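Understanding the architecture of this molecule
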Amino acid sequence: MSLNELWFLLVAVLFIGFFILEGFDFGVGMSTRFLARSQRERDQLVTTIGPFWDANEVWLITAGGAIFAAFPEWYATMFSGYYLPFVLFLLALIVRGVAFEFRHKVHTNWTNLWDWMIFIGSIVPAFVLGVLFTSLVRGMPIDASANMYAGFTDYFNLYSVVGGIAMVVLCFVHGLTYIGLRTEGPIRERAQKMLTKMYILLLIGLIAFAVLTYLSTDLFDARPVATPLLLFAAVLTTALAYFFTGKRMEGWAFTMTTGTILFTVSTLFVGLFPRVMISSISSDFNLTIMNASSSPYTLKVMTIVSLTLLPFVLGYQIWSYYVFRKRVSDKEPVGH
């Protein structure tokens, strides 16, 4: 495996980790309005992700940093071409982060406003990322100079909008399984009941996404075996999550929704490889892991540093999940 391939794999792993970990954060944030019926229950939900949400976002920052260092041409084209969607995405995350900190540090009349900001700051990023990745694999107007000149319909079309909605539903379902795993009391039972309906909606969304992937992209042509297998695995793990939820096996249900995210996001990266961005103007203008990468020396130094530090970072995050493993009850003091 070349260093270019290794760093593409690492970027893919970082994004997959972000979608898995921040996915349930987004889902819990959405649940504060779709599931919670009182301020006490919203407090309970926020407490389940309180120790983790900021560390989970580090995966996205690291992925962006890895693209910047390993594939500067990819970084320049994507971040300039998707400038407005990224601004909206980052503003939503900023508002959400502020809301987590402020919701109980100001007068109680403001608490409801901050709770709405948590909801908006959870649903908007999930939708924007779904739109971004699906439009990216569909192809964007990139010219010979690696400049992207996109119009509204390049960002928002049937495929990308369905991808965005599917990501929102997937994060919500992932968050509901996390709530079932981490809470006690009435809200846990309500999450279980809501999941039985949401799984059906998620299955419909994944099947629609798979059909549109076949019709709107070349992922099936690029990977005629891997792409359908990965999409089938995403549907299968969703069905298994439904089964385990019915059996009250919450740990297994959460593992299955984790698998659904893993297989769905993997489909996009596997179908892209060795490309990193697809030009809808001409395949000659595609950005690949070769023409968009840094020098071999840069990749070598980055590999040594990353593999040295990675075990410590992963160890710290695993330890934090172990420390805060206890279920959160509806009588839990706010902020604990």
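Residues numbered from 1 in each chain as written. Predicted model: local features only at pLDDT ≥ 70, side-chain atom pairs only at ≥ 80, totals over all residues. Heavy atoms only, no water.

Per the secondary structure count, the protein includes 13 helices and 2 strands. Computed over the C-alpha atoms, the radius of gyration of the protein is 20 Å, within 12% of the 20 Å expected from 2.2 N^0.38 for a compact globule of 336 residues. Counting across all 336 residues of the protein, residues that qualify as buried make up 52%. Counting only contacts in the protein whose residues sit at least 6 apart along the sequence, the fraction spanning at least 24 positions is 79%. Accessible area of the protein: about 15400 Å², with a carbon and sulfur share of 72%. (Helix = DSSP H or I, 4+ residues; strand = E, 2+ residues; numbered from the N terminus. Rg over C-alpha atoms; globule rule 2.2 N^0.38 Å. Buried < 20%, exposed > 50% of the residue type's maximum accessible area, 1.4 Å probe, protein only. Contact = heavy atoms within 4.5 Å. Areas by Shrake-Rupley, 256 points an atom, 1.4 Å probe, with all protein chains shown as cover.)

Here we come to the environment of Gly29. Turning to its location among the elements, Gly29 is positioned in helix 1 (residues 3-34). Residue Gly29 is classed as buried on the basis of its relative accessible area, which comes to 1%. Residues Gly29 and Gly185, 156 residues apart in the sequence, show an inter-C-alpha distance of 18 Å. Gly29 has contacts with Ile118, Phe119 and Ser122, leaving out every residue within four places of it along the chain.

Estimated volume of the largest pocket: approximately 480 Å³. In terms of lining residues, the largest pocket is bounded by 17 residues, among which Leu14, Trp59, Thr62, Leu310 and Val313 are the most central. Those elements that provide at least two residues to the lining of the largest pocket are helix 1, helix 3 (53-70) and helix 13 (296-323). Tallying contributions element by element places helix 13 first for the lining of the largest pocket, with 7 residues. Its residues placed into classes, the lining of the largest pocket shows 13 nonpolar, 4 polar and no charged. Here the second largest pocket defines a volume of roughly 400 Å³. (1 Å grid on protein atoms, 1.4 Å probe; cavity = no way out; pocket = protein on both sides within 12 Å on 5 of 7 lines; lining within 4 Å. Points joined across faces, edges and corners; volume = space filled by probe spheres on them. Nonpolar A, V, L, I, M, F, W, Y, C, P; charged D, E, K, R; others polar.)

Helix 3 packs onto helix 1 with a crossing angle of 160° between their chain directions and a minimal axis gap of 8 Å. Relative to helix 3, the element helix 1 is oriented roughly antiparallel. Crossing of helix 1 against helix 3: the hand is left-handed. In contact with Trp7, Val11, Val13, Leu14, Phe15, Gly17, Phe18, Leu21, Glu22, Phe24 and Asp25 of helix 1, helix 3 contributes Trp53, Asn56, Glu57, Trp59, Leu60, Thr62, Ala63, Ala66, Ile67 and Ala70. When the residues that make up the contact of helix 1 with helix 3 are grouped by side-chain class, the tally is 15 nonpolar, 3 polar and 3 charged. (Axes fitted to C-alpha atoms, helices over the stretch in contact; angles between N-to-C directions. Parallel < 35°, antiparallel > 145°, perpendicular 65-115°, else oblique. Left-handed = near helix turned anticlockwise from the far one by under 90°.)

Let's shift gears to empty space enclosed by the protein. Rolled over the atoms, a probe sized like a water molecule indicates the empty space that remains. Counted according to the given criterion, the structure contains 2 cavities of 30 Å³ or more. Its volume calculated, the largest cavity comes out at about 130 Å³. For the largest cavity, the lining is made up of 14 residues, of which Gly163, Met167, Phe209, Thr264 and Leu268 are closest to its centre. Secondary structure elements with two or more residues in the lining of the largest cavity: helix 6 (111-138), helix 8 (158-182), helix 9 (186-216) and helix 12 (250-272). In terms of lining residues, the second largest cavity is bounded by Phe15, Trp74, Met78, Phe133, Leu136, Phe269 and Leu272. Among the secondary structure elements, those contributing two or more residues to the lining of the second largest cavity are helix 4 (72-81), helix 6 and helix 12.

Our next topic: the nonpolar core. Counting 95 residues, the largest nonpolar core has Trp74, Met78, Tyr82, Phe269 and Met277 as the members making the most contacts within it. Looking at this core element by element, the count peaks at 15 residues for helix 1. Filtering out sequence-adjacent residues up to four positions away, Met277 remains in contact with Trp74, Thr77, Met78, Tyr82, Leu136, Ile142, Met148, Asn286 and Leu287. (Core = buried A, V, L, I, M, F, W, Y, C linked by side-chain atoms within 4.5 Å.)

Another aspect to go through is a nonpolar patch on the surface. Residues Tyr83, Leu84, Val87, Leu90, Leu91, Ile94, Val98 and Phe102 make up a contiguous nonpolar surface patch of roughly 770 Å² in combined accessible area. With respect to the helices and strands, Leu90 occurs in helix 5 (residues 83-102). (Patch = residues over 30% accessible without salt bridge, like charges linked within 9 Å, V, L, I, M, F, W, Y side chains within 5 Å. Salt bridge = Lys/Arg side-chain N within 4 Å of Asp/Glu carboxyl O.)

In this model, Phe273 is joined to Pro274 through a cis peptide bond whose omega is 5°. Located in the positive-phi region is Ala146, a residue other than glycine, with phi close to 65°. Here Ala146 is to be found in the loop between helix 6 and helix 7 (152-155). Unlike most non-glycine residues, Arg248 shows phi in positive territory, near 65°. Among the structural elements, Arg248 can be located in the loop between helix 11 (226-246) and helix 12. According to the relative accessible area criterion, Arg248 is partly exposed, its value standing at 40%.

Okay, the pattern of salt bridges next. As enumerated under the stated definition, the model contains 10 salt bridges in all. With its nearest N and O atoms 2.9 Å apart, the salt bridge here joins Glu250 to Arg188. Of the two residues, Glu250 sits in helix 12 while Arg188 sits in helix 9, which places them 62 residues apart along the sequence. Classification of Glu250 as buried rests on a relative accessible area of 9%. Among the ionic pairs, Arg327 bridges to Glu250, the shortest N-O distance being 2.8 Å. One end of the pair, Arg327, is in the segment after helix 13; the other, Glu250, is in helix 12, with 77 residues separating them in the sequence. Classification of Arg327 as partly exposed rests on a relative accessible area of 23%. Linked through salt bridges whose partners overlap, the residues forming this network are Arg42, Asp43, Arg103 and Asp115.

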